[in-house]
Amino acid sequence: TPADGTDLRTPIVAVLGHVDHGKTTLLDHVRGSAVTADEAGAITQHIGATHVPLDVISEMAGGLVDPTDFDLPGLLFIDTPGHHSFSTLRSRGGALADIAILVVDVTDGFQPQTEEAIDILARTETPFVVAANKVDAVGGWRSEPNAPIQGRLDAQTDRVRSDVEEGLYEIIGDLSDAGFTADFYWRVSDFKANVGVVPCSAETGEGMPDLLAVLMGLSQRYLREAMAVDTTGPAAGTVLEVTDQQGFGTTLDAVIYDGRIDAGDRIVVGAANAPIVTEVRALLKPRPLAEIRSDDAFETVDRVVAADGVKIAAPELDDAMAGAPIRVVGDRSVEAVTAEVREELQSVAVETADHGVVIKADTLGSLEALAGSLEEAEIPIVHAEVGDVAPRDVHVADTADEAEHRSILAFGVDVLDDSRQMAADRNIDLFEHDVIYRLIEEYEEYVESIQE
Ligand code: GTP
Ligand code: MG
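All values derive from a computational prediction rather than experimental measurement.

Cut-offs used in this document
Residues numbered from 1 in each chain as written. Chains lettered and ligands numbered in written order. Predicted model: local features only at pLDDT ≥ 70, side-chain atom pairs only at ≥ 80, totals over all residues. Helix = DSSP H or I, 4+ residues; strand = E, 2+ residues; numbered from the N terminus. Buried ≥ 20, exposed ≤ 12 C-beta atoms within 10 Å, placed from the backbone. Contact = placed C-beta atoms within 7 Å. Pairing = 2+ DSSP bridges. Near = placed C-beta within 6 Å. Nonpolar A, V, L, I, M, F, W, Y, C, P; charged D, E, K, R; others polar. Axes fitted to C-alpha atoms, helices over the stretch in contact; angles between N-to-C directions. Expected span 1.5 Å × (residues − 1). Parallel < 35°, antiparallel > 145°, perpendicular 65-115°, else oblique. Left-handed = near helix turned anticlockwise from the far one by under 90°.

A.B. asks: Let's hear about the overall build of the chain: which residues, and what values?
C.D. replies: Of the regular secondary structure elements, the chain holds 12 helices and 26 strands. Here the chain holds 452 residues, and the buried ones make up 47% of them. A separation threshold of at least 6 residues defines the contact pool for the chain, and within that pool the share at least 24 residues apart is 72%.

Take a look at the structure:
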């Protein structure tokens with residue numbers, strides 16, 4: 001560990017992929033075996049994030065991770081629920097995750113959210129590995145729980161192995177179409193230039209040692225320098241979710257990626273209008289092994305050090321936004337920190353035109369991703385905002401003359417009842433989808449249909 005103030009922080013690993021491809025199961029496996037691997041319970045379960053220490057990773061990875069080869073403290077897996085998980089994960093204009101696992105069901109291949117995840121990974125230049133999951137679902141697969149994958153592939157019949165390989169080569173081909181050269185991870189020597197594909201099963205644990213070894217190796221080799229941070233400085237973090245917590249009111253589920261935060265600290269949080277300046281009333285962490293978000297599962301802690309997940313209770317958080325920055329003021333001036341937060345929010349401010357569509361999204365990150373995709377499709381935006389579709393949005397859309405601009409594109413948000421009625425009355429078209437490019441496709445189909 002480096003001396004004087006700097007420390008090596010835990011790399012942040014995001015897990016992403018198409019619906020039902022096994023993200024949660026994969027994290028459950030990591031959590032579950034980590035708990036069994038370390039009976040003292042060194043593993044802690046945090047808000048939407050799981051911190052797994054190096055010695056536990058090493059134990060889970062069998063012979064594949066020798067702890068003396070590493071000085072990074074472990075891995076912090078981010079597990080945000082819902083479809084917006086990855087686009088929310090931003091920090092200082094870049095990606096919050098240092099590295100990512102793209103989960104692809106080997107029996108199902110690339111799907112819309114796989115493509116969407118790849119787009120975001122490419123845009124944010126986040127290194128990633130592919131977990132080619134559910135190998136055990138291939139007919140005739142013989143399992144050996146938690147074993148490294150190469151031996152398991154060798155142990156299958158020729159037919160089963162060739163069925164699995166067919167799925168794997170398809171994934172490698174799709175990665176190549178998306179602009180990434182990829183190969184089985186054991187053939188990759190430069191993980192920066194090539195994407196490693198790790199065949200695995202989150203269900204049986206086969207290939208999990210390999211996945212952990214690849215993640216650890218990649219982090220140590222390519223991220224170590226970036227992990228040297230001052231963990232005694234004022235914290236910087238990102239809001240994952242704004243939630244109501246009984247007894248605490250509105251709270252923030254957050255990931256702290258720099259510095260430290262103490263109970264009582266003054267903080268600035270990005271919000272819909274002006275940044276919120278408030279004071280931390282309590283820092284909450286799930287009790288070890290407690291179910292995330294179940295009642296009474298939290299205990300208060302005095303301090304959280306990067307990188308880690310935490311639930312922050314403080315007054316006046318109602319307007320806070322998922323994806324927004326959090327800063328501890330420390331001994332800086334509130335004005336300076338507020339300006340920093342405002343600047344960061346403006347950096348995601350979407351370029352708007354005099355004429356165009358109205359867009360709404362559930363988080364800053366998803367708003368940014370949607371706007372980026374619309375720009376690529378050359379669809380102008382007149383108004384962009386985080387939040388549910390409200391009458392105000394219908395009013396804005398109603399000012400447009402061109403039929404194709406009398407449209408609202410809503411990503412992952414609700415449409416308030418009165419706005420739906422109002423939109424119908426005024427001939428405003430509402431497009432709703434949880435997959436960005438589907439949303440855009442639907443809109444483009446509509447535009448084509450009215451131009452015919
Ligand atoms: P969303 O959160 O809805 O996007 O899905 P997810 O990616 O988190 O998928 P989840 O982990 O919930 O898994 C979906 C289904 O696939 C569940 O029924 C799992 O039991 C199953 N599943 C996940 N991983 C595996 C695997 O490796 N093998 C098999 N056979 N089934 C799996
Ligand atoms: Mg899930």
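A.B. asks: Please provide a residue-by-residue account of the pairing of strand β22 (residues 325-328), values included.
C.D. replies: The alternating pattern of β22 places Pro325 and Arg327 and Ile326 and Val328 on opposite faces, both of which are buried. Of the strand pairs in this sheet, strand β16 (residues 266-269) and β22 are connected by three bridges, and their pairing is antiparallel. The residue of β22 that forms the bridge with Val269 is Ile326.

A.B. asks: I'd love a proper account of the site of ligand 1, names of residues and values included.
C.D. replies: What surrounds ligand 1 is a group of 15 residues, the closest being Gly22, Lys23, Thr24, Thr25 and Glu203. Looking at which element gives the most residues to the shell around ligand 1, the answer is helix α1 (residues 23-37), with three residues. Residues that form the shell around ligand 1 fall into these classes: three nonpolar, seven polar and five charged.

A.B. asks: How would you explain the sheet that holds strand β21 (residues 308-313) if you had to name every residue and give the values?
C.D. replies: Taken in spatial order, the eight strands line up as β17-β16-β22-β13-β14-β21-β18-β19 in an open sheet, and their pairing is antiparallel. Two strands bound the open sheet, and with one partner strand each, they are β17 (276-279) and β19 (298-301). Within the sheet, the average angular offset between the axes of one strand and its neighbour, ignoring direction, is 40 degrees. Judged from the six bridges that link them, strand β14 (residues 249-258) and β21 form a sheet pairing that is antiparallel. Its bridge partner lying in β21, Asp253 is registered against Lys311.

A.B. asks: I'd like to hear about the sheet that holds strand β23 (residues 357-361), residue by residue, with values.
C.D. replies: In any sheet, the strands associate via hydrogen bonds between backbone groups, in a parallel or an antiparallel arrangement. In space, the four strands of this open sheet follow the order β24-β23-β25-β26, with parallel pairing throughout. For this open sheet the edge positions go to β24 (381-386) and β26 (429-433), each flanked by a neighbour on one side alone. Neighbour-to-neighbour, the strand axes of this sheet turn through a mean angle of 15 degrees, independent of strand direction. As judged from the five bridges shared by strand β25 (residues 407-411) and β26, these two strands associate in the parallel manner. Looking at the pairing, Leu409 lines up with Phe431 of β26. Here helix α10 (residues 391-398) sits on the sheet in contact with β23, β24 and β25, set at roughly 160 degrees to β23. Packing against the sheet, helix α12 (residues 436-451) makes contact with β25 and β26, and its axis sits at approximately 150 degrees to β26.

A.B. asks: Describe in detail helix α7 (residues 208-223), supporting the description with residues and values.
C.D. replies: Owing to its 3.6 residues per turn, the α-helix brings residues three or four apart onto one side. End to end, α7 covers 21 Å across 16 residues, agreeing with the expected 22 Å (1.5 Å per residue, within 8%). The set of residues buried in α7 consists of Met208, Pro209, Asp210, Leu211, Leu212, Ala213, Val214, Leu215, Met216, Leu218 and Ser219.

A.B. asks: Mind laying out the packing of α10 against helix α11 (residues 417-425), listing which residues take part and the relevant values?
C.D. replies: Closest axis-to-axis distance for the α10/α11 pair is 8 Å, and the angle between their directions is 20 degrees. Between α10 and α11, the angle falls in the class roughly parallel. Judged by the twist between their axes, the crossing of α10 over α11 is right-handed. Seen from α10, the contacting residues are Pro391, Asp393 and Val394; seen from α11, they are Asp418, Ser419, Met422 and Ala423. Residues of the contact of α10 with α11, tallied by class, amount to four nonpolar, one polar and two charged.

A.B. asks: Summarise the packing of helix α9 (residues 364-376) against α12; cite the residues concerned and give the values.
C.D. replies: It is the contact of α9 with α12, at a shortest axis distance of 10 Å, that shows an interaxial angle of 45 degrees. Comparing the axis directions of α9 and α12 gives the class oblique. For the pair α9 and α12, the crossing hand works out as right-handed. Contact residues: α9 offers Ala369, Leu370, Ser373 and Leu374, while α12 offers Ile436, Tyr437 and Ile440.

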